[in-house]
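Understanding the architecture of this molecule
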Amino acid sequence: MTWQVLVHGPLARLDERVSRAAVDTVPRPLSELAADLGNMTVALPVLACATAYAVWRGRRLAALYAVLAMAAVPLLVIPLKEWTARPGPLEPWAHGYYPSGHTATAMVAYFGAAFLVSNRLLPVAAVLTAVTGTGLILRGFHWPLDVLASLALCLPLLRWPVLATRYGRRDRAGGARG
């Protein structure tokens, strides 16, 4: 994906055509509300509450890994934004849209929170992440490939809370999964 964006290849050109057709196909207030789910002021408090809950429940390692995963997001996203310098769909003079930081924030915060609280919340995390990415595209804040790149980039980060959850439960249960 990144290579296609850098060389403005066929996938990037298709991406731009799809984006132009999708922008403003829903009312702006609705797409902005969806996109706002990826704001730090929305997503980080969700993760903070889940982290506090996990610590209270004695799952400090899982909480630490979820926080570290979130801390890694800007370390991964910002250099890629600088390197690719991709212009925005509605702001061709601005650069740094690839990958989407809002999508990355939403994905790591909501999935991290779900892993910390209950695996039954994973579908909710998936919906919140999908709604965020869709809102960013429909509002014209990001190209579809920006959103997809963030999902691919952050998927490995979610492995940390999963492993901490899995092994943390085994340790507390005396060797058996709890």
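Everything that follows concerns the structure shown earlier in this document.
Attention here is on the structure that accompanies the text. Counting restarts for each chain, with residues numbered from 1 along the sequence as it is written. Local features in a predicted model are, by the rule used here, given only for residues with pLDDT of at least 70; side-chain atom pairs are given and counted only at 80 or more, and totals for whole chains, interfaces and linings are based on all residues. As a convention, hydrogens and water are excluded, and side-chain values are obtained from all of the structure's heavy atoms.

This next bit is on helix H4 (residues 40-56). The end-to-end C-alpha separation of H4 is 23 Å, in line with the 24 Å expected for 17 residues at 1.5 Å each. Those residues of H4 that fall on the buried side of the exposure criterion are Ala43, Leu47, Ala50, Thr51 and Ala54. Viewed along the axis of H4, the buried residues span an arc of 105 degrees, placing them on a single side of the element. Across H4 from its buried face, at more than 90 degrees, point the exposed residues Thr41, Cys49 and Trp56. Contacts are residue-level and defined by heavy atoms, with any inter-residue pair within 4.5 Å sufficient. Strands are runs of DSSP state E lasting at least two residues, helices are runs of H or I lasting at least four, and both sets are numbered from the N terminus onward. Its buried side turned inward, H4 meets helix H5 (60-84) and helix H6 (101-117). Of the residues one or two after H4, Gly58 is the one with positive phi, at around 85 degrees. Expected helix span is taken as 1.5 Å per residue step, with the number of steps being one fewer than the number of residues. Per-residue accessibility, obtained with a 1.4 Å probe over protein chains only, is compared with the maximum for each type, and a residue is labelled buried under 20%, exposed over 50%, and partly exposed between these values. The arc under discussion is defined with respect to the helix axis, by the directions toward the C-beta atoms.

Centre distance within 6.5 Å is the pairing criterion for rings of Phe, Tyr and Trp, where only the six-membered ring of Trp is used; planes under 30 degrees apart are then read as stacked, over 60 as edge-to-face, and the remainder as tilted. Evaluation of the coordinates by the stated rule reveals two aromatic pairs. The interplanar angle of 45 degrees and the centroid separation of 6.1 Å between the aromatic rings of Tyr53 and Trp56 together place this pair among those described as tilted. Residue Tyr53 and its partner Trp56 are located together in helix H4, separated by three residues, close to a single helical turn. Each ring, one from Phe111 and one from Phe115, has its centre 6.5 Å from the other, and the planes form 40 degrees; the classification is tilted. Note that Phe111 and Phe115 are positioned in helix H6 at a spacing of four residues, about one turn of the helix. A relative accessible area of 16% places Phe111 in the buried class.

Right, let's get into the side chain of Thr84. Of note, Thr84 is situated in helix H5. Classification of Thr84 by relative accessible area gives buried; the value is 11%. For this analysis, a polar contact is any N or O atom pair within 3.5 Å, provided that within protein one partner can donate a hydrogen and the other can accept it, and provided that sequence-adjacent residues contribute only side-chain to side-chain pairs. A polar contact is formed between the side chain of Thr84 and the backbone oxygen of Tyr98, at a distance of 3.0 Å. Each residue touching Thr84, except ones within four places of it in the same chain, is listed here: Thr2, Leu6 and Tyr98.

This part is about the packing of helix H3 (residues 28-36) against helix H7 (residues 122-139). Packed helices, taken two at a time, are described by their axes: the angle between them and the distance between them. Note on definitions: angles span 0 to 180 degrees between N-to-C directions of axes, and those axes are lines fitted to C-alpha atoms, for helices only across the stretch in contact. Running from amino to carboxyl end, H3 crosses H7 at an angle of 135 degrees, the nearest separation of the two axes being 7 Å. Of the possible angle classes, the one that applies to H3 and H7 is oblique. The two elements H3 and H7 meet at a crossing, and its hand is left-handed. On H7, the residues that touch Arg28, Ser31, Glu32, Ala34 and Ala35 of H3 are Val131, Thr132, Gly135, Leu136, Leu138 and Arg139. Throughout, the term roughly parallel applies to angles under 35 degrees, roughly antiparallel to angles over 145, roughly perpendicular to angles from 65 to 115, and oblique to all others. Crossings are classed by handedness, with left-handed meaning an anticlockwise turn of the near helix from the far one by less than a right angle and right-handed meaning a clockwise turn.

Turning our attention to the packing of H4 against H5. Following both chains from N to C, one finds H4 and H5 inclined at 160 degrees, their axes separated by 8 Å at the closest point. Judged by the inter-axis angle, H4 sits roughly antiparallel to H5. Taken as a pair, H4 and H5 cross one another with a handedness that is left-handed. Between H4 and H5, the contacting residues are Leu44, Leu47, Thr51, Ala54 and Val55 on the first element and Arg60, Ala63, Ala66, Val67 and Met70 on the second. In the contact of H4 with H5, the residues fall into eight nonpolar, one polar and one charged. Amino acids are sorted into nonpolar (Ala, Val, Leu, Ile, Met, Phe, Trp, Tyr, Cys and Pro), charged (Asp, Glu, Lys and Arg) and polar (every other residue, Gly among them).

The next point concerns the pattern of salt bridges. The rule for a salt bridge is simple: a side-chain nitrogen of Lys or Arg has to be within 4 Å of a carboxyl oxygen of Asp or Glu. Using the criterion set out here, one finds five salt bridges in the structure. Between Glu16 and Arg86 there is a salt bridge, with the nearest N and O atoms lying 3.7 Å from each other. Taken together, the residues Glu16 in helix H2 (residues 10-22) and Arg86 in the loop between H5 and H6 connect sequence positions 70 residues apart. Assessed through its relative accessible area of 4%, Arg86 is described here as buried. Arg86 serves as the salt-bridge partner of Asp146, at 2.8 Å between the closest nitrogen and oxygen. Taken together, the positions of Asp146 in helix H8 (residues 144-154) and Arg86 in the loop between H5 and H6 put the pair 60 residues apart, joining distant regions of the chain. The two residues Asp146 and Arg86 agree in class, both being buried. Bridged by salt links that share partners, the residues Asp15, Glu16, Arg86 and Asp146 form one connected network.

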